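Descriptive structure summary
The primary structure of each chain is shown beneath.
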Amino acid sequence: MFHRSRRNLARWFTWSMGSILVSFASAVYCIEVQDQLTSFDQALLDKIQVMAASVEYRYHRGHWELNLEHVPLLGSNSLPLDSNLVYARWYNERGQLVQFVGAFPSEQLEEQPTFQTIRLSEEGSELLRQVTFPVTHHQVLIGYLQVAISLSPVQEAIAQMRLFLSVGVPVALGAITLTGWYLGGRAMSPIRNAYDHLQRFTANASHELRSPLSAILSNAQVGLILPTGDGQIQRDRLSQIVKTAKEMSQLVDQLLFLSRSTEYLSPEVLKQFDFGVWLENLAADYAPKLEAQQLDLQTQFPLMPVLICADPDLLRQAIVNLLDNACKYTPAGGQVCLRLSTSVRFATLEIADNGIGIPPGDLPHIYERFYRVDSARNPETGGFGLGLSIVDQIVKVHRGQIRVSSTVNRGTTFTLEFPLL
């Protein structure tokens, strides 16, 4: 799934960026062709204006008398204006051919005064740029000067542009594809971790649910097989089924909580309260359970108010989970401590015990879902491995931090920090 998603992401990135690149290259090509032709036409216009300025004429006896001998290229007494000029032609005011140099023209002017791209013959491959320029004197038409010049410089520049784009665009598309594949992998890396996490979570949840379901099924089958008169044994089986069903209900509740948890809590569920007074009430409610396990509860709370903004129900669930762990893994006669202190910005709660501790190799993994320390995985104390994951999630949604320090056979201390109001 990860590789398929990465391919799709890279494909769409390449398609979108490639479309933009091709559109941009096409626009650049069209603009470059237009600029080249415009510059070429301007240069040709400048040349024909120089030729038109060299025409000598006078109006005599009702008609114009012309002297074209000094017109560049067209006249015999002038130097060529440009070696690229292919032909030059002079037509009188009625469009009749008077004089020409170069390719043989038609006797009558056929084209209107404008720029044109032509070929000398159908077989010829060379393109010419032709301009027909009207020569006037005081807004009176004297004649037409027609000049053609080879388009080879423009064709060569455009050919180089096409070569550059034909090589550059595929290379750029290849670079875009590689970049899309690389960026797709970077963007999909968190999603890949989520895929792996979801796969592990599903496998672990299936494993944890399979054990109580098997217990329920086996107890129910034994209860059906036993004779009707064995009431005590049937009650024991039913009690076992009820106990297992409660464990499954607890597991399902924990899974639902983890699946519904968000990054932060909405302001509607947050309440302002004195954290110290609240902890005193919690410790008083939890003290009987510690006494039943022959554990000593030590508390240390500041006298001044410690105001925080939190969800009391979630906070109670997190602290009770930590206290339950302290009770499970602390032998009889041990001690559990609740210490609350404040700093400039945070309220710091420490939950410490002098129990069996956590091995150093297990500390980085204790917040992972379904992770359980090997020394604690036994039917009496081992849970589902979700308690610390829930605690970690609750602390994070309150914008807090959680840390742990532990020494084997000496105890464990969890430190929770919450922002002060």
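Residues numbered from 1 in each chain as written. Predicted model: local features only at pLDDT ≥ 70, side-chain atom pairs only at ≥ 80, totals over all residues. Heavy atoms only, no water.

**Things to note about the overall build of the protein**
Helix and strand counts for the protein come out as 6 helices and 14 strands. A total of about 24,900 Å² of accessible surface is found on the protein, and carbon and sulfur atoms cover 56% of it. (Helix = DSSP H or I, 4+ residues; strand = E, 2+ residues; numbered from the N terminus. Areas by Shrake-Rupley, 256 points an atom, 1.4 Å probe, with all protein chains shown as cover.)

**Structural notes on the environment of Glu291**
Following the sequence through the fold, Glu291 ends up in helix 4 (residues 275-292). Looking at Glu291, the relative accessible area reads 58%, which means it is exposed. Residues Glu291 and Gly333, 42 residues apart in the sequence, show an inter-C-alpha distance of 9.7 Å. (Buried < 20%, exposed > 50% of the residue type's maximum accessible area, 1.4 Å probe, protein only.)

**Brief notes about the pattern of salt bridges**
Under the definition given, this model contains 7 salt bridges. A salt bridge links Lys289 to Asp324, with the nearest nitrogen and oxygen atoms 3.0 Å apart. On the criterion of sequence distance, the pair formed by Lys289 in helix 4 and Asp324 in helix 5 (residues 312-328) is long-range, its members being 35 residues apart. The partner of Glu417 in a salt bridge is Arg403, and the shortest N-O contact between them spans 3.3 Å. Of this pair, Glu417 sits in strand 14 (residues 411-419) while Arg403 sits in strand 13 (residues 401-407), and the two are 14 residues apart along the sequence. (Salt bridge = Lys/Arg side-chain N within 4 Å of Asp/Glu carboxyl O.)

**Structural notes on the side chain of His398**
In this structure, His398 sits in the loop between helix 6 (387-397) and strand 13. The buried category is assigned to His398, whose relative accessible area is 7%. Among the polar contacts listed, one links the side chain of His398 to the backbone oxygen of Ile394, at a separation of 2.8 Å. (Polar contact = N/O pair within 3.5 Å; in protein donor to acceptor, adjacent residues only side chain to side chain.)

**Structural notes on the layout of surface pockets**
Put simply, the second largest pocket is a space of about 200 Å³. Taken together, 15 residues make up the lining of the second largest pocket; nearest its centre are Tyr87, Arg89, Pro105, Glu111 and Gln130. Every element with two or more residues in the lining of the second largest pocket is listed here: strand 3 (85-92) and strand 5 (115-119). With 3 residues, the top contributor of residues to the lining of the second largest pocket is strand 3. A per-class count over the lining of the second largest pocket returns 8 nonpolar, 3 polar and 4 charged. (1 Å grid on protein atoms, 1.4 Å probe; cavity = no way out; pocket = protein on both sides within 12 Å on 5 of 7 lines; lining within 4 Å. Points joined across faces, edges and corners; volume = space filled by probe spheres on them. Nonpolar A, V, L, I, M, F, W, Y, C, P; charged D, E, K, R; others polar.)

**As for the UniProt feature "transmembrane region" (unreviewed entry) in the protein**
The residues that UniProt annotates with the feature "transmembrane region" (unreviewed entry) are residues 163-183. For residues 163-183, the helix share is 100%, the strand share is 0%, and the end-to-end C-alpha distance is 30 Å. (UniProt positions renumbered as here; feature names shortened; annotations may be inferred.)

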